[in-house]
Amino acid sequence: MKMLTTDEKTVVYWNTLTPLARNEFICWVEHAKADETRTRRIQRTIEELHEGKRRPCCWPGSVHRPHKSVRTETHRQT
C-alpha cells in the first residue's frame, strides 16, 4: 500500500473515506492471490479515488460485515 502514500492527492482522498470504506478497499486488494493482481488493484484503487469513488467497483463487500459475507458465499457458488 506504499503506492497510496506517494501522492498527496491520493492521501487526501484516502483520508476522506470512512474506516469501513477503507477496509473494503484493503480487503479487495488483499483478497487477490497473485502479487501482480494486488499491484493492479492498488493502482485501480488510486484511480478510483481520483474519480471520486468511495468503494471498490466490483467487490461484493467486506466479509467482516455479516450480511456481505452471505452475499459473497452466494456469489461464489454461482
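Below is a short write-up of the structure. All figures in this text were calculated on a predicted structure; none of them were measured in a lab.

### Description of the pattern of salt bridges
Applying the stated criterion across every chain yields a total of 4 salt bridges. Across the salt bridge formed by Glu24 and Arg55, the nearest N and O atoms sit 3.2 Å from each other. Placement of Glu24 in helix H3 (residues 19-30) and of Arg55 in the loop between helix H4 (35-50) and helix H5 (66-77) is noted, with a sequence separation of 31 residues between them. Taking relative accessible area as the criterion, Glu24 reaches 4% and is therefore assigned buried.

### With respect to the packing of aromatic side chains
Centre distance and the angle of the planes are the two values used to describe a pair of aromatic rings. For the structure on display, the rule yields 1 aromatic pair. A ring pair is formed by Trp14 and Phe25, whose centres lie 6.3 Å apart and whose planes are at 50°; its orientation type is tilted. Of this pair, Trp14 sits in helix H2 (residues 8-16) while Phe25 sits in helix H3, and the two are 11 residues apart along the sequence. The exposure classification of Trp14 matches that of Phe25, with both residues buried.

### A few points about the packing of H3 against H4
Where H3 meets H4, the axes come as close as 8 Å, and the angle between the chain directions of the two elements is 155°. Considering the angle they form, H3 stands roughly antiparallel to H4. Facing H3, whose interface residues are Phe25, Trp28, Val29 and Glu30, H4 presents Arg38, Arg41, Ile42, Arg44, Thr45, Glu48 and Leu49. Taken together, the residues of the contact of H3 with H4 sort by class into 5 nonpolar, 1 polar and 5 charged.

### Digging into the packing of H2 against H4
Where H2 contacts H4, the axes come no closer than 9 Å and their chain directions differ by 75°. Classified by the angle between their axes, H2 and H4 sit roughly perpendicular to one another. Every residue of H4 that contacts H2 at Lys9, Thr10, Tyr13 and Trp14 is listed here: Thr45, Ile46, Leu49 and His50. Grouping the constituent residues of the contact of H2 with H4 by class yields 4 nonpolar, 3 polar and 1 charged.

### Regarding H4
Taking 1.5 Å as the rise per residue, H4 with 16 residues should run 22 Å; its terminal C-alpha atoms sit 23 Å apart, in good agreement. At the C-terminal side of H4, Gly52 shows a positive phi close to 90°.

About the cut-offs
- Residues numbered from 1 in each chain as written.
- Predicted model: local features only at pLDDT ≥ 70, side-chain atom pairs only at ≥ 80, totals over all residues.
- Heavy atoms only, no water.
- Salt bridge = Lys/Arg side-chain N within 4 Å of Asp/Glu carboxyl O.
- Helix = DSSP H or I, 4+ residues; strand = E, 2+ residues; numbered from the N terminus.
- Buried < 20%, exposed > 50% of the residue type's maximum accessible area, 1.4 Å probe, protein only.
- Phe/Tyr/Trp six-rings, centres within 6.5 Å; stacked < 30°, edge-to-face > 60°.
- Axes fitted to C-alpha atoms, helices over the stretch in contact; angles between N-to-C directions.
- Parallel < 35°, antiparallel > 145°, perpendicular 65-115°, else oblique.
- Contact = heavy atoms within 4.5 Å.
- Nonpolar A, V, L, I, M, F, W, Y, C, P; charged D, E, K, R; others polar.
- Expected span 1.5 Å × (residues − 1).

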